[in-house]
Amino acid sequence: MKILVLHGPNLNLLGTREPEVYGRLTLDDINLNLKGLAGELGVELTIFQSNSEGALVDNIQSAVGSCDGILINPAAYTHTSVAIRDAIAATALPTVEVHLSNIHSREEFRAKSFVAPIALGQISGFGADSYLLGLRALFNHSKK
Ligand code: DQA
(Lines give C-alpha, C1' and ligand atoms only; values in the text may rest on other atoms or scores of the structure.)
Protein backbone atom coordinates (compact mmCIF):
# COMPACT_ATOMS: atom_id res chain seq x y z
CA MET A 1 0.00 0.00 0.00
CA LYS A 2 1.27 3.46 -0.92
CA ILE A 3 0.21 6.61 0.90
CA LEU A 4 0.87 10.22 -0.08
CA VAL A 5 1.54 12.40 2.98
CA LEU A 6 1.03 16.12 2.39
CA HIS A 7 1.94 18.96 4.73
CA GLY A 8 0.61 22.43 3.94
CA PRO A 9 1.93 25.94 4.50
CA ASN A 10 4.08 26.91 7.48
CA LEU A 11 4.38 23.33 8.70
CA ASN A 12 8.05 23.51 7.64
CA LEU A 13 8.41 25.83 10.66
CA LEU A 14 7.24 23.27 13.21
CA GLY A 15 9.49 23.13 16.24
CA THR A 16 9.79 26.90 16.51
CA ARG A 17 6.36 28.01 15.26
CA GLU A 18 3.98 28.77 18.15
CA PRO A 19 5.22 25.76 20.15
CA GLU A 20 2.50 26.28 22.76
CA VAL A 21 -0.04 25.49 20.00
CA TYR A 22 1.82 23.08 17.72
CA GLY A 23 4.37 21.48 20.05
CA ARG A 24 8.16 21.28 19.79
CA LEU A 25 8.54 18.45 17.31
CA THR A 26 9.91 19.46 13.92
CA LEU A 27 8.44 18.33 10.62
CA ASP A 28 11.40 15.96 10.26
CA ASP A 29 10.52 14.43 13.67
CA ILE A 30 6.92 13.93 12.56
CA ASN A 31 8.02 12.39 9.27
CA LEU A 32 10.38 10.04 11.12
CA ASN A 33 7.54 8.91 13.39
CA LEU A 34 5.34 8.37 10.35
CA LYS A 35 8.04 6.33 8.61
CA GLY A 36 8.43 4.20 11.75
CA LEU A 37 4.72 3.37 11.81
CA ALA A 38 4.64 2.88 8.05
CA GLY A 39 7.46 0.34 8.43
CA GLU A 40 5.42 -1.60 11.01
CA LEU A 41 2.34 -1.55 8.79
CA GLY A 42 4.21 -2.35 5.59
CA VAL A 43 3.11 0.89 3.99
CA GLU A 44 5.21 2.94 1.58
CA LEU A 45 5.11 6.72 2.10
CA THR A 46 5.72 9.61 -0.28
CA ILE A 47 6.05 12.78 1.79
CA PHE A 48 5.78 16.34 0.50
CA GLN A 49 5.49 19.78 2.13
CA SER A 50 4.74 23.02 0.35
CA ASN A 51 3.73 26.56 1.17
CA SER A 52 2.14 26.84 -2.25
CA GLU A 53 -1.45 25.86 -2.98
CA GLY A 54 -0.68 25.02 -6.63
CA ALA A 55 2.19 22.70 -5.71
CA LEU A 56 -0.10 20.85 -3.29
CA VAL A 57 -2.78 20.54 -5.99
CA ASP A 58 -0.15 19.18 -8.44
CA ASN A 59 0.94 16.56 -5.90
CA ILE A 60 -2.63 15.53 -5.13
CA GLN A 61 -3.28 15.05 -8.86
CA SER A 62 -0.10 13.00 -9.19
CA ALA A 63 -1.38 10.51 -6.59
CA VAL A 64 -3.84 9.01 -9.08
CA GLY A 65 -2.47 5.68 -10.22
CA SER A 66 0.54 5.85 -7.92
CA CYS A 67 -0.97 5.98 -4.40
CA ASP A 68 -3.78 4.21 -2.54
CA GLY A 69 -4.64 7.03 -0.17
CA ILE A 70 -3.80 10.53 1.02
CA LEU A 71 -2.94 11.73 4.52
CA ILE A 72 -3.05 15.52 4.54
CA ASN A 73 -2.62 18.41 6.93
CA PRO A 74 -3.74 21.24 4.63
CA ALA A 75 -2.83 23.74 7.40
CA ALA A 76 -4.27 27.21 6.65
CA TYR A 77 -5.57 26.00 3.26
CA THR A 78 -8.00 23.82 5.21
CA HIS A 79 -10.08 26.91 5.79
CA THR A 80 -9.76 28.57 2.37
CA SER A 81 -8.96 26.18 -0.46
CA VAL A 82 -11.67 24.99 -2.79
CA ALA A 83 -8.83 24.02 -5.18
CA ILE A 84 -7.35 21.50 -2.72
CA ARG A 85 -10.78 20.11 -1.90
CA ASP A 86 -11.63 19.71 -5.61
CA ALA A 87 -8.26 18.07 -6.34
CA ILE A 88 -8.78 15.51 -3.56
CA ALA A 89 -12.34 14.84 -4.72
CA ALA A 90 -11.08 14.37 -8.29
CA THR A 91 -8.63 11.67 -7.20
CA ALA A 92 -11.45 9.69 -5.56
CA LEU A 93 -8.73 8.34 -3.22
CA PRO A 94 -9.49 7.71 0.47
CA THR A 95 -8.20 10.76 2.31
CA VAL A 96 -7.73 11.53 5.99
CA GLU A 97 -7.37 15.13 7.16
CA VAL A 98 -5.22 15.73 10.23
CA HIS A 99 -4.39 18.70 12.44
CA LEU A 100 -1.95 19.06 15.29
CA SER A 101 -4.19 21.48 17.18
CA ASN A 102 -7.91 21.10 17.84
CA ILE A 103 -9.26 23.39 15.12
CA HIS A 104 -12.68 23.32 16.77
CA SER A 105 -11.47 24.86 20.01
CA ARG A 106 -9.62 27.81 18.48
CA GLU A 107 -10.69 30.87 16.45
CA GLU A 108 -14.07 30.45 14.78
CA PHE A 109 -12.59 30.65 11.25
CA ARG A 110 -10.53 27.50 11.91
CA ALA A 111 -13.57 25.34 12.61
CA LYS A 112 -14.55 25.43 8.93
CA SER A 113 -12.80 22.86 6.74
CA PHE A 114 -13.33 22.69 2.99
CA VAL A 115 -11.66 19.26 2.96
CA ALA A 116 -13.50 17.45 5.76
CA PRO A 117 -16.77 16.87 3.84
CA ILE A 118 -14.96 14.93 1.10
CA ALA A 119 -12.51 13.15 3.47
CA LEU A 120 -13.00 9.81 5.18
CA GLY A 121 -12.62 11.74 8.40
CA GLN A 122 -10.71 14.36 10.33
CA ILE A 123 -8.34 13.87 13.28
CA SER A 124 -7.63 17.06 15.15
CA GLY A 125 -6.04 18.03 18.44
CA PHE A 126 -3.62 15.22 19.28
CA GLY A 127 -0.40 16.96 18.31
CA ALA A 128 2.00 14.83 16.30
CA ASP A 129 -0.10 11.78 17.23
CA SER A 130 -2.84 13.10 14.91
CA TYR A 131 -0.66 12.04 11.98
CA LEU A 132 -0.05 8.56 13.40
CA LEU A 133 -3.75 8.08 14.18
CA GLY A 134 -4.56 9.29 10.67
CA LEU A 135 -2.14 6.85 9.06
CA ARG A 136 -3.61 3.97 11.07
CA ALA A 137 -7.14 5.01 10.11
CA LEU A 138 -6.23 5.18 6.43
CA PHE A 139 -4.45 1.81 6.61
CA ASN A 140 -7.35 0.09 8.41
CA HIS A 141 -9.83 1.53 5.94
CA SER A 142 -7.82 0.64 2.85
CA LYS A 143 -6.83 -2.92 3.77
CA LYS A 144 -10.52 -3.96 4.01
C1 DQA B 1 -3.20 23.32 11.58
C2 DQA B 1 -4.38 24.20 12.00
C3 DQA B 1 -4.61 25.32 11.00
O4 DQA B 1 -5.70 26.14 11.42
C5 DQA B 1 -3.37 26.19 10.89
O6 DQA B 1 -3.56 27.18 9.90
C7 DQA B 1 -2.12 25.41 10.66
C8 DQA B 1 -1.94 24.13 11.34
C9 DQA B 1 -2.86 22.24 12.63
O10 DQA B 1 -2.20 21.28 12.28
O11 DQA B 1 -3.24 22.39 13.80
O12 DQA B 1 -1.22 25.86 9.96
O13 DQA B 1 -3.55 22.64 10.38
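To start, this report covers the structure provided alongside it.

### Considering the overall build of the chain
- Across its full length, the chain carries five helices and five strands.
- Element order for the chain, N to C, with α for helix and β for strand: β-α-α-β-α-β-α-β-β-α.
- A compact globule built from 144 residues would reach a C-alpha radius of gyration of about 15 Å, and the chain, at 14 Å, matches this within 12%.
- With the principal axes as the frame, the chain shows a C-alpha extent of 35 × 30 × 25 Å.
- Summarising the internal contacts of the chain: among those between residues at least 6 apart in sequence, 75% fall at separations of at least 24.
- Averaging the locations of the 11 positively and 14 negatively charged side chains of the chain gives two centres separated by 5 Å.

### Overview of the pairing of strand 3 (residues 69-73)
- Burial of strand 3 is extensive: five of the five residues sit out of reach of the surface.
- Burial along strand 3 is two-sided: the residues Gly 69, Leu 71 and Asn 73 and Ile 70 and Ile 72 are all buried.
- With five bridges connecting them, strand 1 (residues 2-7) and strand 3 associate as parallel partners. Bridge pairing in strand 3 links Leu 4 to Ile 70.
- Sheet topology places strand 3 next to strand 4 (residues 95-99); three bridges connect them, and they run parallel. What sits directly across from Ile 70, in strand 4, is Thr 95.

### Quick notes on the site of the ligand
- Around the ligand lies a shell formed by Arg 17, Tyr 22, Asn 73, Ala 75, Ala 76, His 79, His 99, Leu 100, Ser 101, Ile 103 and Arg 110.
- Contact distances for the ligand include 2.7 Å between an oxygen atom and a side-chain N or O atom of His 79.
- Its free accessible area being 320 Å², the ligand has 98% of it covered by the protein chains.
- Here the residues of the shell around the ligand are counted per class, giving five nonpolar, four polar and two charged.

### Side note on the pattern of salt bridges
- Under the criterion given, the structure shown has two salt bridges.
- Its salt-bridge partner being Glu 107, residue Arg 106 comes within 3.9 Å of it at the nearest N-O pair.
- Note that Arg 110 and Glu 107 form a salt bridge whose closest N and O atoms lie 2.6 Å from each other.
- Residue Glu 107 is classed as partly exposed on the basis of its relative accessible area of 37%.
- Salt bridges sharing common partners tie together Arg 106, Glu 107 and Arg 110.

### Notes on the side chain of Ser 130
- By the secondary structure assignment, Ser 130 is in helix 5 (residues 129-143).
- A distance of 2.8 Å separates a polar side-chain atom of Ser 130 from the backbone oxygen of His 99.
- Among the polar contacts listed, one links the side chain of Ser 130 to the backbone nitrogen of Phe 126, at a separation of 3.0 Å.

### Here's the deal with unusual backbone geometry
- Look at Asn 10: it is not a glycine, yet its phi comes out positive at around 75 degrees.
- Here Asn 10 lies in the loop between strand 1 and helix 1 (19-22).
- A positive phi angle, close to 35 degrees, is found at Glu 18, a residue other than glycine.
- Examined against the element boundaries, Glu 18 turns out to sit in the loop between strand 1 and helix 1.
- Owing to a relative accessible area of 37%, Glu 18 belongs among the partly exposed residues under this scheme.

Criteria and cut-off values
- Residues numbered from 1 in each chain as written.
- Predicted model: local features only at pLDDT ≥ 70, side-chain atom pairs only at ≥ 80, totals over all residues.
- Heavy atoms only, no water.
- Helix = DSSP H or I, 4+ residues; strand = E, 2+ residues; numbered from the N terminus.
- Rg over C-alpha atoms; globule rule 2.2 N^0.38 Å.
- Contact = heavy atoms within 4.5 Å.
- Lys, Arg positive; Asp, Glu negative; His and termini not counted.
- Charge placed at Lys NZ, Arg CZ, Asp CG, Glu CD.
- Buried < 20%, exposed > 50% of the residue type's maximum accessible area, 1.4 Å probe, protein only.
- Pairing = 2+ DSSP bridges.
- Near = heavy atom within 4 Å.
- Polar contact = N/O pair within 3.5 Å; in protein donor to acceptor, adjacent residues only side chain to side chain.
- Areas by Shrake-Rupley, 256 points an atom, 1.4 Å probe, with all protein chains shown as cover.
- Nonpolar A, V, L, I, M, F, W, Y, C, P; charged D, E, K, R; others polar.
- Salt bridge = Lys/Arg side-chain N within 4 Å of Asp/Glu carboxyl O.

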